[in-house]
Amino acid sequence: VTGLEKGDPVLVSAVISCGECLHCVSGRSHLCEAEWLRDANWPLTAADGKPIAHFSRVGGFAEYVLVDQSQVVKLPGDMPLDRASLLACGVITGFGAVAWRAKVELGRSCVIIGVGGVGLNSVQAAFLCGAYPIIAVDVNDAKLEAARVFGASHTVNGSTGDPIQAVKDLTEGRGADYVFVTVGSSSAMSQSVAMSAARGTAVWIGIPDVTETVQLLPFPLLKDERTITGCWMGSTNLKTDIPKLVNLYQAGRLKLDELITKRYRLEEVNEAMDAVVRGEALRNIIIF
């Protein structure tokens, strides 16, 4: 391990990279194609001898964890670690989809379907990119109110009407230049294409069940030259992009404090998760 010393504050992410494959040397380290021995041979075992898997190669809610050095980014000593922890997944996934995958241009219209802990970061990335209008779509009014704080210019409650028509009404009938789907819903993915304008792009971020399929009419896709793309972990290059986000936060331009609904002790983890399931939280933090 190089570049780190015992006691350094660090961010640990699920993004792991070998630094040598085609994707890594092409600046797409989040798509690293190397096979990782630890995925099949876990170093930890339970009392009964069965292996204990590190979830997403990280090991959430563990007090100690063994990770590859490519997953670690050193943080400045004055960066609050509870705020920094948000950058590891939710922030980079939502923010990066807008800034690094879609590369949204000034004045382009954006829709974000789902404005929870990931979607709000898509909203604030669109705001920082200078997009307009920025339309947040959700079924939770409290989250739609939060989206306004993060930079949404318009909100649509999808449970009270036709969200596709609502988006078209807000974009002079054309649809949006970019539609980001941050929820793991195949129906939302279908809607995203219908919400997009000619030459528009639908960016799928949320992860549905691996057995789900998406139904689309091919002719509108062909006729209007629409694009569908996926985005994995915000297309993030940890070593270069995490320092950018830290700088934005320290400059007062990236909202992290506002994402934290509540802080819990480790023994309260189930209570924290239940609050998320009930839709009562943007992001809950476990404090060790």
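Going by the structure above, here's the rest.
Nothing here was measured: the structure is a model prediction, and the numbers come from that model.

Colleague: Tell me what's going on with the overall build of the chain, and back it up with residues and numbers.
Modeller: In terms of regular secondary structure, the chain is built from 10 helices and 10 strands. Compactness check: the chain gives a C-alpha radius of gyration of 20 Å against a globular reference of 19 Å for 288 residues, within 12% of the reference. Oriented by its inertia axes, the alpha-carbon framework of the chain measures out at about 60 × 40 × 40 Å. Residue burial in the chain is summarised as follows: out of 288 residues, 44% are buried. In the chain, the share of contacts with a sequence separation of at least 24, taken over all contacts with a separation of at least 6, comes to 62%. Taken as a whole, the chain presents about 15200 Å² of accessible surface, with 54% of it coming from carbon and sulfur. Of the side chains in the chain, 26 bear a positive and 31 a negative charge, and the two mean positions are spaced by 4 Å.

Colleague: Pulling in residues and values, what's your account of helix α5 (residues 141–150)?
Modeller: For α5, the set of buried residues is K143, L144, A146, A147 and F150. Projected onto a plane normal to the axis of α5, the buried residues spread over an arc of 155 degrees and lie on a single side. Opposite the buried face of α5, by more than 90 degrees, sit the exposed residues A142, E145 and V149. For α5, the elements touching its buried residues are α4 (119–129), β4 (134–138) and β5 (154–157). Of the residues that open α5, the one with a side-chain oxygen 2.9 Å from the backbone nitrogen of A142 is N140. Looking one or two residues past α5, G151 carries a phi angle of roughly 125 degrees, positive in sign.

Colleague: Provide a residue-level description of the pattern of salt bridges, including the pertinent values.
Modeller: As enumerated under the stated definition, the model contains 15 salt bridges in all. As a salt-bridge pair, K74 and D8 come within 3.8 Å of each other at their nearest N and O atoms. One end of the pair, K74, is in strand β2 (residues 72–74); the other, D8, is in the segment before β1 (10–12), with 66 residues separating them in the sequence. We classify K74 as partly exposed; its relative accessible area is 47%. Here K223 ties to D224 by a salt bridge, and the two come within 3.4 Å at their closest N and O atoms. Taking relative accessible area as the criterion, K223 reaches 56% and is therefore assigned exposed. Taken together, the shared-partner salt bridges connect D82, R83, D257 and R263 into one network.

Colleague: Report on the pairing of β4, specifying residues and quantitative values.
Modeller: Burial runs high along β4: five of the five residues are buried. Residues I134, A136 and D138 line one face of β4 and the alternating positions I135 and V137 line the opposite face, and both faces are buried. Pairing between strand β3 (residues 110–113) and β4: four bridges, direction parallel. Within β4, the residue paired with C110 across the bridge is I134. Running through α4, the crossover from β3 to the neighbouring parallel element β4 is right-handed. Pairing of β4 with β5 involves four bridges; the strand directions are parallel. Bridged to A136 within β5 is T155. The handedness of the β4 to β5 crossover, carried by α5, is right-handed.

Colleague: For the state of the cysteines, give the residues involved together with the corresponding values.
Modeller: Counted according to the given criterion, the structure contains zero disulfides. Note on C32: no disulfide assigned, nearest cysteine sulfur contributed by C18 at a separation of 3.7 Å. Residue class for C32 comes out buried when judged on its relative accessible area of 16%. With no disulfide of its own, C129 lies 7.7 Å from the sulfur of C110, the closest cysteine sulfur. On the basis of relative accessibility, which here comes to 22%, the residue C129 falls in the partly exposed class.

Colleague: For the packing of helix α3 (residues 90–102) against α4, give the residues involved together with the corresponding values.
Modeller: Running from amino to carboxyl end, α3 crosses α4 at an angle of 40 degrees, the nearest separation of the two axes being 7 Å. Put simply, α3 runs oblique to α4. As for how α3 packs across α4, the hand of that crossing is right-handed. Residue-level inspection shows G90, V91, G94, F95, V98 and A99 of α3 in contact with α4, the latter providing N121, S122, A125, A126, L128 and C129. Looking at the contact of α3 with α4 residue by residue, the classes come out as eight nonpolar, four polar and no charged.

Colleague: Tell me about the sheet that holds strand β8 (residues 227–230), and name the residues and values.
Modeller: Here we have six strands laid out as an open sheet, ordered β5-β4-β3-β6-β7-β8, and parallel in their pairing. Edge strands, defined here as strands with exactly one partner in the open sheet, are β5 and β8. Neighbour-to-neighbour, the strand axes of this sheet turn through a mean angle of 20 degrees, independent of strand direction. On top of the sheet, α3 reaches β6 (176–181), β7 (196–204) and β8; it is set at about 135 degrees to β6, its chief contact.

What counts as what
Residues numbered from 1 in each chain as written. Predicted model: local features only at pLDDT ≥ 70, side-chain atom pairs only at ≥ 80, totals over all residues. Heavy atoms only, no water. Helix = DSSP H or I, 4+ residues; strand = E, 2+ residues; numbered from the N terminus. Rg over C-alpha atoms; globule rule 2.2 N^0.38 Å. Buried < 20%, exposed > 50% of the residue type's maximum accessible area, 1.4 Å probe, protein only. Contact = heavy atoms within 4.5 Å. Areas by Shrake-Rupley, 256 points an atom, 1.4 Å probe, with all protein chains shown as cover. Lys, Arg positive; Asp, Glu negative; His and termini not counted. Charge placed at Lys NZ, Arg CZ, Asp CG, Glu CD. Arc of directions from axis to C-beta. Polar contact = N/O pair within 3.5 Å; in protein donor to acceptor, adjacent residues only side chain to side chain. Salt bridge = Lys/Arg side-chain N within 4 Å of Asp/Glu carboxyl O. Pairing = 2+ DSSP bridges. Right-handed = clockwise from strand over helix to strand, strands pointing away. Disulfide = S-S within 2.5 Å. Axes fitted to C-alpha atoms, helices over the stretch in contact; angles between N-to-C directions. Parallel < 35°, antiparallel > 145°, perpendicular 65-115°, else oblique. Left-handed = near helix turned anticlockwise from the far one by under 90°. Nonpolar A, V, L, I, M, F, W, Y, C, P; charged D, E, K, R; others polar.

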